[in-house]
There are 2 protein chains.
Amino acid sequence: MSVTHPTGLPATSREWHLVARPQGWPTLDDFALREVGVAEPGPGQILVQNTHMSVDPYMRGRMNDVKSYTPPFELNKPMDGGAVGVVAAVGPDTPGYRPGDHVLHGLGWREYAVVEGKQATAIDPDIAPLSAYLGVLGMTGLTAYSGLLRVASFQEGDTVFVSGAAGAVGSQVGQIARLKGASRVIGSAGSDEKVQLLLEEYGFHAAFNYKKGPVAEQLKEAAPDGIDVYFDNVGGDHLEAAIGSLNVHGRIAVCGMIAVYNATEPSPAPHNLPLIIGKRLRMEGMLVRDHFDLRGPFVDEVGGWLRDGSLRYRETVVPGIENAVDAFLGLLRGENIGKMIVGLAD
Amino acid sequence: MSVTHPTGLPATSREWHLVARPQGWPTLDDFALREVGVAEPGPGQILVQNTHMSVDPYMRGRMNDVKSYTPPFELNKPMDGGAVGVVAAVGPDTPGYRPGDHVLHGLGWREYAVVEGKQATAIDPDIAPLSAYLGVLGMTGLTAYSGLLRVASFQEGDTVFVSGAAGAVGSQVGQIARLKGASRVIGSAGSDEKVQLLLEEYGFHAAFNYKKGPVAEQLKEAAPDGIDVYFDNVGGDHLEAAIGSLNVHGRIAVCGMIAVYNATEPSPAPHNLPLIIGKRLRMEGMLVRDHFDLRGPFVDEVGGWLRDGSLRYRETVVPGIENAVDAFLGLLRGENIGKMIVGLAD
């Protein structure tokens, strides 16, 4: 069906455009899958056939036209985000790449991408499956690692609470905490199936379904002696409950507030913020980009745990670029278990 | 009128008791000034005639019967808090004290106090007036110093915003920031008179009256390039405005939230908390008790600035123990300029 390019490449490929800025929850109508020509790579560039792309909660923020830490997606232009793929063609003056190489880069949401060679990272599919470089060994993994160990100043013996604990970041936070000697690791998730997974697969000491009762009460039951670290993926009620349960000198790493991303009202909680004075709590927002210097020890340590089986991960791979927006919306609704990934090609 | 004690001391003295736990704003009816006998100091103790006592915002929290960082005041017992005075009598086995010595201790809200010798600190009235040891050279000064320099990690060149800036802590925060090389120091206060004081006496670069318009708008005008540090004495709208104005990697030292201490509803703000992720803001609660190790450099540095006149302070001294509750309520209403102190004796 697709016309073959003179060089052996297809003449066209598909990419997702944002066509309207969502108010509240995004809908399919806010996006369009468009067919475009496949360009040849210029000097210093490579053409990559993407095999997998990442969908992540932070992308919701980029759909708003507000100044933020990453620029908003432009209307009627391809969206972008983490992706891995195979080098299909190499432009002139692009040292270090050969067709067939595997790379990680930032131009997802499309089947083919022209990438600056300097902005791609070579990855080895013999160490881990390609998709792992978007998750457990990639940015989500480094987010968990740096957020827990650096931002939240995790110490051996701490009691750690993680929200969104069955998600890609959360499940890794909980396991790293356990492997580093937490005295107790507690997770919250949005279904009994996920709670089961936390307890049986990821080795959490306690877990609860936040839809089954007030978070504050369930947390108090799971952590009768309070918590020392809260890794926040959720915000809202979870943050308020954590502030209530944190012990003196407790720390909060704020990685996400997925509960409020789609809110059209200003976010209401936490109502108990004055407690941070008497308890001397520290709350700090984080973006993984500030912690790339930890990539070396992160890959060593997490790679070791993956090899010896002490750290586990799951992926939810939704096949087909045409389903990428559905996958993203499913992520916002919490339908994934582990890292949410879209499979684009084998 | 008062009967003289055999040792030359009065037989009775007055002290303030909390007699009812306030709901919302305290009223005079929640307190009673009671006459009690003056005890002789036992072994290891001194009897102190208080000359000045401190009233502080944190005392409002101690009037509630809730677990907090300091135990609540007990009903029908004397309240306590910072005080300075003259040693009137020395108990047996109490080395290091003589009648006439000046001391700082924690048993205010009374004319005479029996204090454990080990829990008093000798102070020198030749270095600074006695009352200064309750303020600029005391806990409020150390709060400003440690909160700005350690908790908020102040750096030369930072733009600093302080709320409650005409208060004891706030005015010192602003001046220390200026003296340490802040590029811009902005303060908010609740009257035009206080704003004038900030600009003319304390050397703030900009200041505004928060009662004259939305804090967020006035702050944006005063700090068009944003702020790097927010020293929070107020909470509420001020905190929300600061979160909006803080630059990437900005820091908030939360010293107080006087705006919400008397709230009977849960505190509502800040509605923009999710901004702390993208801006990687750090917010940390503080109590001065964690920073006593800084007392040496604090006294050296602030003492030097006091001597050469580069740091200024004001006190509001309300005379008479019978007016202590009025002074405390006035403090909560913002009627003081600088440290609020009650004078008990010359």
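Every value quoted in this text rests on a predicted model; they were computed, and no experiment measured them.

## Let's talk about helix α2 (residues 139-151) of chain A
Residue and element names in this part refer to chain A.
Then comes step 1: The end-to-end C-alpha distance of α2, which contains 13 residues, comes to just 16 Å, noticeably less than the 18 Å that a straight helix rising 1.5 Å per residue would cover.
Then comes step 2: Judged by how many residues are buried, α2 sits mostly within the fold: ten of 13 residues are covered.
Then comes step 3: Buried within α2 are the following residues: Thr140, Gly141, Leu142, Thr143, Ala144, Tyr145, Ser146, Gly147, Leu148 and Val151.
Then comes step 4: Ser153 lies just past α2 and shows a positive phi near 45°.

## Details of the environment of Leu306 of chain B
All names here are of chain B.
Then comes step 1: Within the secondary structure, Leu306 sits in helix α8 (residues 295-307).
Then comes step 2: By relative accessible area, Leu306 is classed as partly exposed at 22%.
Then comes step 3: Measuring from C-alpha to C-alpha, the distance between Leu306 and Gly236 comes to 33 Å, with 70 residues separating the pair along the chain.
Then comes step 4: Beyond its immediate stretch of four places on either side in the chain, Leu306 contacts Val136, Leu137, Leu311 and Tyr313.

## Here we look at the packing of aromatic side chains
Residues and elements named next belong to chain A.
Then comes step 1: Counted under the stated rule, the structure contains eight aromatic pairs over all chains.
Then comes step 2: Considering the side-chain rings of Phe161 and Phe208, the 5.9 Å spacing of their centres and the 20° angle between planes classify their relative orientation as stacked. With Phe161 in strand β8 (residues 159-162) and Phe208 in strand β10 (residues 206-209), this pair connects stretches of sequence that are 47 residues apart.
Then comes step 3: The exposure class assigned to Phe208 is buried, which follows from its relative accessible area of 5%.

## Structural notes on the pairing of strand β9 (residues 184-189) of chain A
Residue and element names in this part refer to chain A.
Then comes step 1: Counting buried positions over the six residues of β9 gives five, a clear majority of the element.
Then comes step 2: As paired elements, β8 and β9 share four bridges and run parallel to each other. Within β9, the residue paired with Phe161 across the bridge is Ile186.
Then comes step 3: As for the winding sense of the linkage, the β-α-β connection from β8 through helix α3 (residues 168-179) to β9 is right-handed.
Then comes step 4: Across four bridges, the pairing between β9 and β10 is parallel. When the bridges of β10 are listed, Ile186 appears paired with Ala206.

## A closer look at the nonpolar core
One broad rule of soluble globular proteins: the nonpolar side chains tend to lie buried together.
Then comes step 1: Ile186 and Ile227 of chain A together with Ile186 and Ile227 of chain B are the most contacted members of the largest nonpolar core, which totals 49 residues.
Then comes step 2: Setting aside its immediate chain neighbours within four residues, Ile227 of chain A contacts Thr159, Phe161, Ile186, Leu219, Ala242, Ser245, Leu246 and Asn247 of chain A.

## Some thoughts on the packing of helix α5 (residues 215-222) of chain B against helix α6 (residues 236-245) of chain B
Residue and element names in this part refer to chain B.
Then comes step 1: The geometry of α5 relative to α6 is characterised by a closest axis approach of 9 Å and an angle of 40° between their N-to-C directions. If you check the angle between α5 and α6, you find them oblique. By crossing handedness, the relation of α5 to α6 is classed as right-handed. On α6, the residues that touch Val215, Ala216, Leu219 and Lys220 of α5 are Asp237, His238, Ala241, Ala242 and Ser245.
Then comes step 2: Of the residues that constitute the contact of α5 with α6, the class distribution is five nonpolar, two polar and two charged.

## As for the environment of Gly303 of chain B
All names here are of chain B.
Then comes step 1: Of note, Gly303 is situated in helix α8.
Then comes step 2: With a relative accessible area of 9%, Gly303 lands in the buried category.
Then comes step 3: Along the backbone, Gly303 and Val173 are 130 residues apart, and their C-alpha atoms lie at a distance of 15 Å.
Then comes step 4: If sequence neighbours within four positions are ignored, Gly303 has contacts with Leu137 and Phe298.

## Concerning the side chain of Gln45 of chain B
Residues and elements named next belong to chain B.
Then comes step 1: Structurally, Gln45 can be placed in strand β3 (residues 45-54).
Then comes step 2: Reaching out from Gln45, the side chain makes a polar contact with the backbone nitrogen of Gly42 at a distance of 2.7 Å.
Then comes step 3: In this view, Gln45 contacts Val90, Gly91, Thr94, Val114, Val115, Glu116 and Gly117; residues no more than four positions away in its chain are not counted.

## Focus: the domain arrangement of chain A
All names here are of chain A.
Then comes step 1: Domain boundaries assigned for chain A yield domain 1 (12-135 + 313-343) and domain 2 (140-289).
Then comes step 2: Using only C-alpha atoms to locate each centre, domain 1 and domain 2 end up separated by 29 Å.
Then comes step 3: Each partner contributes to the interface: domain 1 provides 19 residues, whereas domain 2 provides 16 residues.
Then comes step 4: In this assembly, domain 1 packs against domain 2 so that about 1,400 Å² is buried in total across both faces, 54% of it on carbon and sulfur atoms.
Then comes step 5: Summed over the shared surface of domain 1 and domain 2, the result is one salt bridge.
Then comes step 6: Among the ionic pairs, Glu201 bridges to Arg314, the shortest N-O distance being 3.1 Å.
Then comes step 7: Scanning the region where domain 1 abuts domain 2 turns up six residue pairs in polar contact (both at pLDDT 80 or more).
Then comes step 8: Among the residues forming the side of domain 1 that touches domain 2, the class breakdown is nine nonpolar, six polar and four charged.

Thresholds, definitions, all that
- Residue positions are given per chain, counting from 1 as you read along its sequence in written order.
- Each chain takes a letter, starting from A, and each ligand takes a number, starting from 1, following the order in which they are written.
- Under the rules for a predicted model, residues below a pLDDT of 70 receive no local features and side-chain atom pairs below 80 are neither given nor counted, while totals for whole chains, interfaces and linings still include all residues.
- Neither water nor hydrogens contribute to the side-chain values; these are computed over all heavy atoms in the structure.
- Numbering of helices and strands runs from the N terminus, with a helix taken as a DSSP run of H or I at least four residues long and a strand as a DSSP run of E at least two residues long.
- For a helix, the expected span equals 1.5 Å multiplied by the residue count minus one.
- Each residue's exposure class comes from its accessible area (1.4 Å probe, protein chains only) as a fraction of the maximum for that residue type: buried when under 20%, exposed when over 50%, partly exposed otherwise.
- Here, residues are in contact when the closest pair of their heavy atoms is within 4.5 Å.
- Aromatic contacts are taken between Phe, Tyr and Trp rings whose centres are within 6.5 Å, Trp giving its six-membered ring; a plane angle under 30 degrees counts as stacked, one over 60 as edge-to-face, and the others as tilted.
- In this scheme, strands are said to pair when DSSP sees at least two bridges between them.
- When the strands point away from the viewer and the connection leading from the first strand across the helix to the second strand turns clockwise, the crossover is called right-handed.
- By nonpolar core we mean a set of buried residues, namely Ala, Val, Leu, Ile, Met, Phe, Trp, Tyr and Cys, connected to one another through side-chain atoms within 4.5 Å.
- Each axis is a line fitted through C-alpha atoms, and for a helix only the stretch in contact is used; angles between axes span 0 to 180 degrees, taken between their N-to-C directions.
- Oblique is the label for every angle not falling under 35 degrees (roughly parallel), over 145 degrees (roughly antiparallel), or within 65 to 115 degrees (roughly perpendicular).
- Crossings are assigned a handedness: left-handed for a near helix turned anticlockwise from the far helix by less than a right angle, right-handed for a clockwise turn.
- Put simply, Ala, Val, Leu, Ile, Met, Phe, Trp, Tyr, Cys and Pro go in the nonpolar bin, Asp, Glu, Lys and Arg in the charged bin, and everything else, Gly too, in the polar bin.
- Counting of polar contacts relies on pairs of N or O atoms within 3.5 Å, with two restrictions inside protein: one atom must be capable of donating a hydrogen and the other of accepting it, and residues adjacent in sequence are counted only when both atoms are side-chain atoms.
- As used throughout, domain bounds are those supplied by an automatic or database domain assignment.
- A 1.4 Å probe defines the accessible area here, and the buried area is the portion of it lost by two parts on being joined, summed over both.
- By convention in these notes, a salt bridge is any Lys or Arg side-chain nitrogen within 4 Å of a carboxyl oxygen on Asp or Glu.

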